[in-house]
Amino acid sequence: MLKFAAFKFSPLFGIITAVRVAIFPTLLAIRKDPTLLFRPNDISAVFMAHVWAGGFAEGTDTMGRPAKEQLITPNSEGVVLDIGAGHGHTIQYLNRSRVTRYVALEPNQLMHPKIRAAAHAAGFYESDGSFTILSCGAEDSASILKGLENTQADTIISVLTLCTIPNPSKSIHNLVRDVLKPNGQFLFYEHVLSHLPDVAWWQKFWAPVWQVAFDGCRLDRPTHLVFENLEVEIQGGNDGYRQDGRDSPWKEQQVWGMPDEPEEDLFWHRAGRFVKK
Ligand SMILES: C[S@@+](CC[C@H](N)C(=O)[O-])C[C@H]1O[C@@H](n2cnc3c(N)ncnc32)[C@H](O)[C@@H]1O
Ligand SMILES: *[C@@H]1O[C@H](CO)[C@@H](O)[C@H](O)[C@H]1NC(C)=O
């Protein structure tokens, strides 16, 4: 019971820490460019870049390491699209001999220098076509396909990004339908809405506050269920799909939890590997 009390308020400690590390650099940025005051989304991006640089990126990566080593390293291959690449922490889990091209999608341009440095350190370069940064959002399939020169991705990875993108169901649907190759894999590691009603209640309670400090990140999204229940519209009914209508795009799917994670944790993570028909 006492333990659950600590979990209930854990988002508050996260928010306090975020404000502590990011408020002064953000105020300085506003003093340098007061027009930011009229662009609240850009203030969020500046704030989040400082939160992420102020220890959150490293801490989150360390916590997720076992899950990422299991999910990303053995499965990622070919053209890899990393949505919400942040500071490029996913790159270190890629096997360079199996990944031909790493495409980082990151709308927050303040994060691009760190992505580029991590990509170069791992042997991915813009000059030989093995590395690209896209500045669009994950919901913008048209710009993504253009950035991929109209090829599709063999692997799409989301690490803690589907909590933040607008309209996740529609964005995931469009990425799977338009951007992911047949037989391609969608790999995700995300915090999701709990299946326990009291934990879910606290996640919903904190979600609106958390969202302000963390650039739109929601604590209450059932992302794993979006994948399980996903349907795409079909014409023809070949490649393992039903006849015309709507059908699941998946031929294989696995979702698993973290062995050391208590059920009371408001940051309740699921990893998933979904393979397209
Ligand atoms: C919590 S961070 C995770 C970063 C990185 N994947 C990692 O594991 O360190 C979420 C990232 O999603 C990015 N983001 C925000 N809106 C987005 C959108 N519409 N499409 C894609 N990424 C977005 C943010 O800029 C941020 O870098
Ligand atoms: C990387 O991929 C190569 C080729 O498939 C394989 O031989 C090697 O063991 C892999 N390395 C790791 C760390 O998984």
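Let us look at the structure shown here. (Residues numbered from 1 in each chain as written. Chains lettered and ligands numbered in written order. Predicted model: local features only at pLDDT ≥ 70, side-chain atom pairs only at ≥ 80, totals over all residues. Heavy atoms only, no water.)

1. Describing the overall build of the protein
On a plain count of helices and strands, the protein comes out with eight helices and nine strands. Its C-alpha atoms give the protein a radius of gyration of 19 Å, near enough to 19 Å, the size a compact globule of 277 residues would have. Principal-axis analysis of the C-alpha atoms places the extent of the protein at approximately 55 × 50 × 35 Å. Counting across all 277 residues of the protein, residues that qualify as buried make up 52%. In the protein, of all internal contacts separated by at least 6 residues, the share reaching a separation of at least 24 is 68%. Entry remark: accessible area of the protein is about 13,200 Å², with carbon and sulfur atoms responsible for 58%. With 27 positive and 31 negative side-chain charges, the protein shows a spacing of 3 Å between the two charge centroids. (Helix = DSSP H or I, 4+ residues; strand = E, 2+ residues; numbered from the N terminus. Rg over C-alpha atoms; globule rule 2.2 N^0.38 Å. Buried < 20%, exposed > 50% of the residue type's maximum accessible area, 1.4 Å probe, protein only. Contact = heavy atoms within 4.5 Å. Areas by Shrake-Rupley, 256 points an atom, 1.4 Å probe, with all protein chains shown as cover. Lys, Arg positive; Asp, Glu negative; His and termini not counted. Charge placed at Lys NZ, Arg CZ, Asp CG, Glu CD.)

2. Thoughts on the pairing of strand β9 (residues 268-276)
Counting buried positions along β9 gives nine out of nine residues, so the element sits mostly inside the fold. Alternating residues of β9 divide into Trp-268, Arg-270, Gly-272, Phe-274 and Lys-276 and His-269, Ala-271, Arg-273 and Val-275, and every residue in both groups is buried. Summarising the sheet, strand β8 (residues 250-257) and β9 pair through seven bridges and their orientation is antiparallel. Among the inter-strand pairings, Gln-254 is bridged to a residue of β9, identified as Arg-273. (Pairing = 2+ DSSP bridges.)

3. Brief notes about the pattern of salt bridges
Where charged atoms of side chains with opposite charge meet at close range, the side chains can pair. Under the criterion given, the structure shown has 16 salt bridges. Note that Asp-61 and Arg-65 form a salt bridge whose closest N and O atoms lie 2.8 Å from each other. With Asp-61 and Arg-65 both in helix α3 (residues 40-71), this residue pair falls four residues apart, about one helical turn. A salt bridge links Glu-77 to Arg-98, with the nearest nitrogen and oxygen atoms 3.1 Å apart. Taken together, the positions of Glu-77 in the loop between α3 and β1 (78-83) and Arg-98 in the loop between β1 and β2 (99-105) put the pair 21 residues apart, joining distant regions of the chain. For Glu-77, a relative accessible area of 34% corresponds to the partly exposed category. By sharing partners, the salt bridges in this structure join Arg-177, Asp-178, Glu-231, Glu-233 and Arg-246 into a single network. (Salt bridge = Lys/Arg side-chain N within 4 Å of Asp/Glu carboxyl O.)

4. Focus on the side chain of Asp-220
Note on placement: Asp-220 falls in the loop between α7 (197-213) and α8 (223-228). Engagement of the side chain of Asp-220 in a polar contact is seen with the side chain of Arg-218, the distance being 2.9 Å. Leave out the neighbours within four places in its chain, and Asp-220 touches Leu-193, Gln-203, Lys-204 and Ala-207. (Polar contact = N/O pair within 3.5 Å; in protein donor to acceptor, adjacent residues only side chain to side chain.)

5. Some thoughts on the site of ligand 2
Looking at ligand 2, the residues that line it are Asn-95, Ser-97 and Arg-98. Contact distances for ligand 2 include 2.4 Å between an oxygen atom and a side-chain N or O atom of Asn-95. Ser-97 places a polar side-chain atom, nitrogen or oxygen, 3.2 Å from an oxygen atom of ligand 2. For ligand 2, the accessible surface in isolation is 360 Å², of which the surrounding protein chains cover 30%. (Near = heavy atom within 4 Å.)

In short, the description is geometric, and any link to function would need to be established separately.
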